[in-house]
Amino acid sequence: MRTTVAMVTRQGGSFELAEVELDEPRADEVLVRIVATGLCHTDLTMRSLLPAEMFPNVFGHEGAGVVESVGTDVEGIAVGDQVVLSFRSCRECGPCREGLVGYCDQTLLLNYMGMRADGSTTMHQDGSPVFGSFFGQSSLARHALAHADNCVVVDPDLDLTLAAPFGCGYQTGAGTVLNVLHPDADDSLVVYGVGAVGLASVAAAVAEGVGTVLAVDLVGARLAEATRLGATAVDASGLEPAEVVARVKELTGGGATYAVDTTAVPAVVKQAQQSLASRGTLVVLGLGPEEYQLDAIDLLQGGKRVLASVEGDSDPLVMVPRLLAMRAQGRFDLDALVTTYPFEKINDAVDDVLAGRVVKPVLVW
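Residues numbered from 1 in each chain as written. Predicted model: local features only at pLDDT ≥ 70, side-chain atom pairs only at ≥ 80, totals over all residues. Heavy atoms only, no water.

**Student:** An account of the sheet that holds strand E16 (residues 305-308) is requested, with residue identities and associated values reported.
**Tutor:** Spatially, the six strands line up as an open sheet ordered E13-E12-E11-E14-E15-E16, and their pairing is parallel. Among the strands making up the open sheet, the edge pair consists of strand E13 (232-235) and E16. Within the sheet, the average angular offset between the axes of one strand and its neighbour, ignoring direction, is 20 degrees. In this sheet, strand E12 (residues 212-217) lies alongside strand E11 (residues 188-192) in parallel orientation, the contact comprising five bridges. Note that in E12 the partner of valine 190 across the bridge is leucine 214. (Pairing = 2+ DSSP bridges. Helix = DSSP H or I, 4+ residues; strand = E, 2+ residues; numbered from the N terminus. Axes fitted to C-alpha atoms, helices over the stretch in contact; angles between N-to-C directions.)

**Student:** Mind laying out the packing of aromatic side chains, listing which residues take part and the relevant values?
**Tutor:** Using the criterion set out here, one finds nine aromatic pairs in the structure. Measuring from ring centre to ring centre gives 6.4 Å for phenylalanine 55 and phenylalanine 59, while their planes differ by 75 degrees; the resulting arrangement is edge-to-face. The pair phenylalanine 55 / phenylalanine 59 is uniform in exposure class, with both members buried. Here the aromatic rings of tyrosine 112 and phenylalanine 134 are separated by 6.0 Å at their centres, their planes lie at 75 degrees, and the arrangement is edge-to-face. Here phenylalanine 134 lies in the loop between strand E8 (128-130) and strand E9 (143-147) and tyrosine 112 lies in the loop between helix H3 (107-111) and strand E7 (123-125), a separation of 22 residues in the sequence. (Phe/Tyr/Trp six-rings, centres within 6.5 Å; stacked < 30°, edge-to-face > 60°. Buried < 20%, exposed > 50% of the residue type's maximum accessible area, 1.4 Å probe, protein only.)

**Student:** Hey, could you go over the sheet that holds strand E4 (residues 57-58) for me, with residue numbers and the actual values?
**Tutor:** Strands sit in the order E4-E1-E2-E7-E8 across an open sheet of five strands; the sheet is antiparallel. Edge positions in the sheet fall to E4 and E8, since each of these pairs with one other strand and no more. As defined by bridge partners, strand E1 (residues 2-8) adjoins strand E2 (residues 16-22) across six bridges and the pair is classed as antiparallel. Note that in E2 the partner of arginine 2 across the bridge is glutamate 21.

**Student:** Report on the pattern of salt bridges, specifying residues and quantitative values.
**Tutor:** Here the structure, examined in full by the defined rule, presents 16 salt bridges. The partner of arginine 116 in a salt bridge is aspartate 23, with the nearest N and O atoms 3.1 Å apart. Highlighted residues: arginine 116 in the loop between H3 and E7 and aspartate 23 in the loop between E2 and strand E3 (29-38), separated in sequence by 93 residues. Among the ionic pairs, aspartate 352 bridges to arginine 357, the shortest N-O distance being 2.9 Å. Aspartate 352 gets classed as buried once you look at its relative accessible area, which sits at 17%. Three or more residues joined by partner-sharing salt bridges are found here, namely Asp23, Glu29 and Arg116. (Salt bridge = Lys/Arg side-chain N within 4 Å of Asp/Glu carboxyl O.)

Structure, rendered in structure tokens:
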């Protein structure tokens, strides 16, 4: 079938609307008509990280839509179901059997290589292959092929423009708090960078009753959202790194129990480490730099830990319904973060999120 996609034709290029041929679903695939797709920094970063030979490419990994066709081997998903799409996993390897599907042995092949496991691409243009299958979906498109392991069936009355970000950004931020750190009322948590992922961390921490929740950022509007969610804002604009660390230590009584970095800015990661209390833990979530420079003396003397997490150690089939239930209870209210754009305005959405004018752009057809 022919469908419209937002394609990146060259390494580091912008998004261009194009018509492609999308395969009919195979026995293990699900055809989804996309209603809305969240735009995530990973979609933007991968334009430059992937090698030139992996273009043209179609990204998109926060898709939400309606199932139009189901392969014969797919169970639990029916035509007409509303679904939120997330990342893929094999569900059979050691990490998957332990519930750590984000660390699946087949992660690179299933999510990043631009093709099916057998080497075929799901899309073609003028007879030439187009790389896709990004996170098992490539949902910067009017239609996407997904699988049972990355399709989460949701309430038919759910607004999919608000649900789309739950497939990656929200579950990454919230999962880091709920699955990795497990803070409680006696703890303090500081989140560096309160875009969509960081604000999801804030919302989850507040929902769990964490004693002190801080939000550090340069953008006033984002700090205002963090305050609305229940955090104490630390405006880092105009402050030296040492002043940010001192302010966090002041507000946490000597240092934070936990920190989350979503910025991927090496200097900020170092601040996050230094702002921890002894035996504190930092989780870094950002994608981009090849290395971080840590304060070795501070790390060793304080017995601190620096970790990373993939998707907040979440299983989307579990975490997405959990977070949607929290949202329905009024305990995870991120609806105000979403700004919608017509799909053809994708490059406007990119410009706005990179400039900090919006928190979570969502593209709609």
